[in-house]
Amino acid sequence: MDELDRHGYVIVPDLLSPEEVAGARAELRAILESTPFGRNDFEGDRTRRVYALFAKTRRFDGPATHPLVLAVLDHFLGHYQLSAPTGIEIGPGETAQALHPDDGVYPVPRPHREMVINVMVPLDDFTEANGATRLVPGSHRWGEERPGPGTPTIGAEMPAGSALIYLGTLWHGGGANRTDRPRLGVVLHYAASWLRPQENHLLAVPRDIVRDLPERMQELLGYNICPPFIGYVDGRHPRRVLD
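None of these values were measured; they are calculated from a predicted model.

Novice: Would you mind showing me how to read the overall build of the protein chain here?
Specialist: The number of helices and strands found in the protein chain is eight helices and ten strands. What you see for the protein chain is a C-alpha radius of gyration of 17 Å, in line with the 18 Å of a compact globule of 243 residues. If you line up the protein chain on its principal axes, its C-alpha atoms span 50 × 40 × 35 Å. The buried share of the protein chain, reckoned over its 243 residues, is 51%. Within the protein chain, counting contacts between residues at least 6 apart in sequence, those at least 24 apart form 80% of the total. Roughly 11,700 Å² of accessible area belongs to the protein chain as shown, and the carbon and sulfur atoms make up 53% of that amount. Separation of charge centres in the protein chain, based on 25 positive and 32 negative side chains, amounts to 4 Å.

Set out below in structure tokens:
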């Protein structure tokens, strides 16, 4: 918590075991075979993204509800849900993504309380050469300041199975891949539950799938309320619609 508050990010080793990494990598790469490349510079012309992640694989239910991850979310957000979880494969020759804060989609003036927390899990080793996420340490404390061409950044180099946890106020972006191999990772993107999530999981994840998930995963996919009663359905808790 101290590292996150001071720098805006922290790298945690060994969130996933080697066996979990191998299984997740194989399953996600199979999904990517039918996934198109990005539609613009931000998505990446040589980058493929797996949206509706929790409709397509169960490999990330564990990381999404990992006790360490939930403890960070409890501390910074209090009440929260998944917002834009995405598998991201940055292909060879991809250029660096523009720096941005992930809470910038919400029209709230800076500085403000934390509203978004991200957990990036590499399924390949992240290096400077293959597109490790670029970070601007300390930028989570900025107001209206924006990074320029000369703003120093660092690459979040880390082995597969680690976790890069970073605040939604931190300026960052995907790195350029200067190798001949793609690099694969998953970002678990959470937002305070009083905000509308970027992806509508109530439509993206079929209800028949959600019924069989653990209660905590159901809540993270939107079948929950933000106290006192934001998100009710016909005056009742939204999880009742799964009965």
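Structure shown, so let's carry the discussion forward.
Novice: It is not clear to me how the environment of D14 should be interpreted in this structure. Could you clarify?
Specialist: Checked against the element boundaries, D14 lands in the loop between strand 1 (9-12) and helix 2 (18-32). Judged by its relative accessible area of 67%, D14 is exposed. Those residues within four positions of D14 in sequence are excluded, and the remaining contacts are G161 and S162.

The rules we used
Residues numbered from 1 in each chain as written. Predicted model: local features only at pLDDT ≥ 70, side-chain atom pairs only at ≥ 80, totals over all residues. Heavy atoms only, no water. Helix = DSSP H or I, 4+ residues; strand = E, 2+ residues; numbered from the N terminus. Rg over C-alpha atoms; globule rule 2.2 N^0.38 Å. Buried < 20%, exposed > 50% of the residue type's maximum accessible area, 1.4 Å probe, protein only. Contact = heavy atoms within 4.5 Å. Areas by Shrake-Rupley, 256 points an atom, 1.4 Å probe, with all protein chains shown as cover. Lys, Arg positive; Asp, Glu negative; His and termini not counted. Charge placed at Lys NZ, Arg CZ, Asp CG, Glu CD.

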